[in-house]
Amino acid sequence: MSQEMKAWTFTHGGYPKALQQSRLPPDTAPLKPSEIRVRTKAASINPVDVQLMSYPLLPHLPNFIVPSRKGVGEDFSGVVEESGANSGFKPGDEVFGIIPFVPGGTLQETIRADTKVSVVARKPADWSWEQAAAVPLVWLTARTTIAQVESHVKNGKVAILGGSSSCGMYAVYLAKQRGWNVVASCSGRNADFVRSMGATDIIDYTTSNVSERIKEFSPEAIIDFVGGTSCLGVAKRYVTVVGDKTDRLSPGGRYIYFWNPQMLLRAIAGRIGLGRSYTCINLEFSHSFLEEVLRLPQDKIAIDSTFELDQVKEAFDKLNTGRTRGKIVIKVDAERK
């Protein structure tokens, strides 16, 4: 613990300028009772990491709220090296999970995670480090969207926009596990993959009018991982992670309400019965949701590609193509088994 640790951080200026390979001083401060110190084995990257680097508000927050040099990444897997008395873990435990988005920081050799605000579970013995790091954020996001539509699905008809996305594929899987009839949009090249996750039917957005096909299907609820407004008003319940935007670099989630009053008014109108039910969600940091993923068959954990810790910029370049199938995972501690 005496040597500096390798890490990736970001400062100001937006992606890609803000992304930096760094060396951080060792974290030797005493742990709180609820904290664990983890030797990171693997981490994964997500579009939200790019969005945070370009988030317009962060540069204006004082350093005592958000440090000027922030960590990159939320998902991780690794080995507990030290544990607080009330953390629920002990040294040697193999774990995986997700830490809060800000200040973040799983693309580094050691992580300090507070189990009160992070979601951490023991890694299944038959999962690889990379598989474990690939699932927390996208599983929790998908599971949150399912929770948001469940009460509205009476006849089992759900449409999922972006069925081959890293979150969409698990929403398809979870919907199928509930016995729902799932129609999902994706490109033709991903059709078989999305069907293997549980979709009943596919809408190829490269050759079909998605909104027209969705109207023909007449779903009770729509879960949107793509963005845009073309399918608004089609179903009684509309849940989106992305909002009206279609720009990958712009932030998604509930905070869009702050600068998109049209979305906010739409959500309020639906809540008071003056329109269709609508919400833009953030993932729920739920321990029970993460525990559910322990029942996920290994062959449903989709990893697009893996990179070494010094290849993070190349990993983000691939992520930003928008043409990945499954997660991009970084091997943080490939030498130690």
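Refer to the structure above for everything that follows.
What comes next concerns the included structure. Quick caveat: nothing in here was measured; it's all calculated off a predicted structure.

Criteria and thresholds
- Residues numbered from 1 in each chain as written.
- Predicted model: local features only at pLDDT ≥ 70, side-chain atom pairs only at ≥ 80, totals over all residues.
- Heavy atoms only, no water.
- Core = buried A, V, L, I, M, F, W, Y, C linked by side-chain atoms within 4.5 Å.
- Buried < 20%, exposed > 50% of the residue type's maximum accessible area, 1.4 Å probe, protein only.
- Contact = heavy atoms within 4.5 Å.
- Helix = DSSP H or I, 4+ residues; strand = E, 2+ residues; numbered from the N terminus.
- Pairing = 2+ DSSP bridges.
- Axes fitted to C-alpha atoms, helices over the stretch in contact; angles between N-to-C directions.
- Phe/Tyr/Trp six-rings, centres within 6.5 Å; stacked < 30°, edge-to-face > 60°.
- Lys NZ or Arg CZ within 6 Å of the ring centre and 35° of its normal.
- Patch = residues over 30% accessible without salt bridge, like charges linked within 9 Å, V, L, I, M, F, W, Y side chains within 5 Å.
- Areas by Shrake-Rupley, 256 points an atom, 1.4 Å probe, with all protein chains shown as cover.
- Salt bridge = Lys/Arg side-chain N within 4 Å of Asp/Glu carboxyl O.
- Lys, Arg positive; Asp, Glu negative; His and termini not counted.
- Charge placed at Lys NZ, Arg CZ, Asp CG, Glu CD.

Right, let's get into the nonpolar core. Grouped together as the largest cluster of nonpolar side chains are 54 residues, with contacts concentrated most on I160 and Y170. Apart from residues lying up to four places away in sequence, Y170 is in contact with V135, V138, W139, A142, M197, L296, K300, I301 and A302. Counting 21 residues, the second largest nonpolar core, distinct from the first, contains A18, V50, L52 and L309.

Glancing now at helix α4 (residues 168–177). Within α4, eight of the ten residues are buried, which leaves the element mostly enclosed by the surrounding structure. Three or more residues of α4 are buried, namely G168, M169, Y170, A171, V172, Y173, L174 and A175. Those residues of α4 that are buried are in contact with α3 (136–149), β9 (157–161), β10 (181–186) and α5 (191–197).

Pairing is parallel across the open sheet formed by six strands, whose spatial order is β11-β10-β9-β12-β13-β14. What marks the edges here is a single partner per strand, and that holds for β11 (201–204) and β14 (277–280). Each strand of the sheet is rotated relative to its neighbour by a mean of 15°, with strand direction disregarded. Seen against the sheet, α3 touches β12 (221–224), β13 (237–240) and β14 and runs at an angle of roughly 165° to β13.

Let us look at the pairing of strand β5 (residues 75–83). The pairing of strand β3 (residues 35–45) with β5 spans eight bridges and is classified as antiparallel. By the bridge assignment, A43 is partnered in β5 with F76. The sheet contact formed by β5 and strand β6 (residues 94–98) spans five bridges and is antiparallel. In the sheet register, D75 faces β6, and the bridge partner there is I98.

What the three strands build is an open sheet, ordered β2-β1-β4; its pairing is antiparallel. The open sheet has two edge strands, β2 (19–24) and β4 (70–71), and neither has a second partner. As judged from the six bridges shared by strand β1 (residues 5–10) and β2, these two strands associate in the antiparallel manner. Each residue of the ladder has a partner; that of A7, found in β2, is S22.

Attention now moves to the packing of aromatic side chains. Taken as a whole and judged by the stated rule, the model has six aromatic pairs. Residues Y238 and Y278 carry aromatic rings whose centres are separated by 5.8 Å and whose planes lie at 20° to one another, so their mutual orientation is stacked. Here Y278 lies in strand β14 and Y238 lies in strand β13, a separation of 40 residues in the sequence. The exposure class of Y238 is buried, given its relative accessible area of 4%. Put simply, the rings of W139, Y170 and Y173 touch in pairs and so form one group of aromatic residues. Geometry around F217 places K157 over its ring, the cationic atom sitting 4.8 Å from the centre. Directly above the ring of Y278 sits R266, whose terminal nitrogen or CZ lies 4.8 Å from the centroid.

On to a negative patch on the surface. A surface patch of negative charge is lined by E308, D310, E314 and D317. Here E308 lies in strand β15 (residues 303–308). Given the relative accessible area of 34%, E308 is considered partly exposed.

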